[in-house]
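Residues per chain are reported as follows:
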Amino acid sequence: MTKELNIPWLYKDKRFTPGTVADVGHSFRLELSEINGKDEYRLYLLIRTLKCNGVKEELKRGVRVATFKKCSSLSDAQTRAERWITVWMEDALDDLGESIL
């Protein structure tokens with residue numbers, strides 16, 4: 001059963017275009033990038049490594065994971081990104097559960 005995530009899109013952080021970056025907990029960051037001249041947004045997923053066993057904590061370079069076409073607005077792209085990350089996380093957890101059993 002899909003549970004909607006409450007993703008906190010950043011609007012006041014001056015480092016980013018308002019509403020294009022969201023931190024999902026401590027480990028994931030989502031970035032939306034509008035494709036010039038088109039009603040499309042690309043979604044990038046960044047993963048933060050944890051300081052453990054000699055690995056330093058840092059945010060790794062983003063990987064494009066989705067392209068949302070025919071977006072009517074940034075809000076539309078945010079909604080699609082939230083749906084995408086929700087389904088992706090559920091699928092990953094299901095796969096992990098199956099591998100443990």
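Structure: see above.
Residues numbered from 1 in each chain as written. Predicted model: local features only at pLDDT ≥ 70, side-chain atom pairs only at ≥ 80, totals over all residues. Heavy atoms only, no water.

Looking now at the side chain of R29. Along the chain, the position of R29 falls in strand β3 (residues 28–35). We classify R29 as buried; its relative accessible area is 9%. Leaving out residues up to four positions away in the same chain, R29 has contacts with R15, F16, V21, A22, D23, Y44, L45, L46, R48 and L59. (Helix = DSSP H or I, 4+ residues; strand = E, 2+ residues; numbered from the N terminus. Buried < 20%, exposed > 50% of the residue type's maximum accessible area, 1.4 Å probe, protein only. Contact = heavy atoms within 4.5 Å.)

Right, let's get into a positive patch on the surface. A contiguous patch of positive charge, built from K38, R42, R64 and K69, is present on the exposed surface. Assignment of secondary structure puts R64 in strand β5 (residues 63–68). (Patch = residues over 30% accessible without salt bridge, like charges linked within 9 Å, V, L, I, M, F, W, Y side chains within 5 Å. Areas by Shrake-Rupley, 256 points an atom, 1.4 Å probe, with all protein chains shown as cover. Salt bridge = Lys/Arg side-chain N within 4 Å of Asp/Glu carboxyl O. Lys, Arg positive; Asp, Glu negative; His and termini not counted. Charge placed at Lys NZ, Arg CZ, Asp CG, Glu CD.)

Along the chain, the position of T86 falls in helix α1 (residues 74–100). A polar contact is formed between the side chain of T86 and the backbone oxygen of E82, at a distance of 2.7 Å. (Polar contact = N/O pair within 3.5 Å; in protein donor to acceptor, adjacent residues only side chain to side chain.)

Moving on: the packing of aromatic side chains. This model, assessed by the stated rule, comprises two aromatic pairs. For the pair F28 and W88, a centre-to-centre distance of 5.8 Å together with 90 degrees between the ring planes defines the contact as edge-to-face. Placement of F28 in strand β3 and of W88 in helix α1 is noted, with a sequence separation of 60 residues between them. Taken together, a centroid distance of 6.0 Å and an interplanar angle of 10 degrees make the contact between W84 and W88 stacked. Here W84 pairs with W88, and both are found in helix α1, just four residues apart, close to one helical turn. Taking relative accessible area as the criterion, W84 reaches 23% and is therefore assigned partly exposed. Under the relative-accessibility criterion, W88 is labelled partly exposed at 33%. Each member of the aromatic cluster is reached from another via a ring pair, and the members are F28, W84 and W88. (Phe/Tyr/Trp six-rings, centres within 6.5 Å; stacked < 30°, edge-to-face > 60°.)

Counting 16 residues, the largest nonpolar core has I7, W9, L30, L32, L43, F68 and A81 as its most contacted members. Here L30 is in contact with I7, W9, T20, V21, A22, V24, L43, Y44, L45 and I85, once residues within four sequence places are set aside. (Core = buried A, V, L, I, M, F, W, Y, C linked by side-chain atoms within 4.5 Å.)

Reading across from one edge, β1-β2-β3-β4-β5 is the order of the five strands in this open sheet, with antiparallel pairing throughout. The sheet terminates laterally at β1 (9–10) and β5, the two strands that pair on one side only. Alignment of strand β4 (residues 40–47) against β5, held across five bridges, turns out to be antiparallel. Each bridged residue has a counterpart across the sheet, and for L43 the counterpart in β5 is A66. (Pairing = 2+ DSSP bridges.)

None of this, on its own, says anything about what the molecule does.
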